[in-house]
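# Architecture at a glance
What follows is each chain in one-letter form.
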Amino acid sequence: MNATSPARLPSRSRGRWTLIALFGVFFGAMALAGVLRFSGWQPTAHRNTGELLQPPADLRALPPTLADGQPYPWNPNDRTWRILVAPSASCTSECVTLSQGLGKVWQLFGHNADNVEILWLGTPPAEVQGMPALRALRAQPDLRAALPAVDDAAGTPVYVIDPNGFVIMRYAPGFDMAGLRKDLATLLKLK
């Protein structure tokens, strides 16, 4: 009897079609993933709320000075992330609301709060001057000028600075505090 009997042909044909379907599903999924990746699409859970600065602004050559005159070192070994606020001189009630919101964000970090500091370029509002994470900096025009789009007509932007002294993210005036918290929580995991 011949090995390719009529009874075996449908079984062999079905096996080939199954194998072709598996290859199609595998390579189709890879092609779809490649198209999504190279088109720039990202799942919502992986998007950051703030504007990722490309390239990041380098503040290492502009070490800040604390309000009491002491230098504020970047000290990358401490792995401290910073939230920087550089308000204009006319910022009043908006700055009070902003500072209180940043204080709440800082408190929500819980055990990671020691790895986050809030830098305020100039005199912070009296309502938050006792906040443990707040570091008041002397007004430094060169440092302020190095911040991308710092003079926004809509209000005061907020910046995230990595432990090395690079400004990596900018939050436009009126941003959602929950988004800042989510982004910074993700960054704190990068230890």
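Structure's up top.
Residues numbered from 1 in each chain as written. Predicted model: local features only at pLDDT ≥ 70, side-chain atom pairs only at ≥ 80, totals over all residues. Heavy atoms only, no water.

### Some details on the packing of aromatic side chains
A full pass over the atoms with the stated rule returns 4 aromatic pairs. Arranged with centres 5.0 Å apart and planes meeting at 75 degrees, the rings of Phe 26 and Phe 27 form a pair that is edge-to-face. The exposure class assigned to Phe 27 is partly exposed, which follows from its relative accessible area of 46%. These aromatic residues form a ring-pair network of at least three members: Phe 23, Phe 26 and Phe 27. (Phe/Tyr/Trp six-rings, centres within 6.5 Å; stacked < 30°, edge-to-face > 60°. Buried < 20%, exposed > 50% of the residue type's maximum accessible area, 1.4 Å probe, protein only.)

### Comments concerning helix 2 (residues 93–108)
Along its 16 residues, helix 2 runs 23 Å from first to last C-alpha, staying within 8% of the 22 Å computed at 1.5 Å per residue. All of the buried residues in helix 2 are Cys 95, Val 96, Leu 98, Ser 99, Gly 101, Leu 102, Gly 103, Val 105 and Trp 106. Buried residues along helix 2 sit in contact with strand 2 (81–85), strand 3 (116–121), strand 5 (158–161) and helix 4 (177–188). With its phi angle positive at about 55 degrees, Gly 110 sits one or two positions after the end of helix 2. (Helix = DSSP H or I, 4+ residues; strand = E, 2+ residues; numbered from the N terminus. Expected span 1.5 Å × (residues − 1). Contact = heavy atoms within 4.5 Å.)

### Let's talk about a nonpolar patch on the surface
There is a patch of nonpolar side chains on the surface, built from Leu 19, Phe 23, Phe 26, Phe 27 and Met 30 and spanning about 540 Å² of accessible area. Looking at the secondary structure, you find Phe 27 in helix 1 (residues 9–38). (Patch = residues over 30% accessible without salt bridge, like charges linked within 9 Å, V, L, I, M, F, W, Y side chains within 5 Å. Areas by Shrake-Rupley, 256 points an atom, 1.4 Å probe, with all protein chains shown as cover. Salt bridge = Lys/Arg side-chain N within 4 Å of Asp/Glu carboxyl O.)

### Side note on unusual backbone geometry
Here the amide bond leading from Gln 54 into Pro 55 is cis, since omega sits at -5 degrees, within 30 degrees of zero. For Pro 55, the location among the structural elements is in strand 1 (residues 51–58). At Asn 75, a position not held by glycine, the phi torsion is positive, near 45 degrees. Within the secondary structure layout, Asn 75 lies in the loop between strand 1 and strand 2. For Ala 149, which is not a glycine, the phi torsion comes out positive at approximately 50 degrees. By the element assignment, Ala 149 lies in the loop between helix 3 (141–145) and strand 5.

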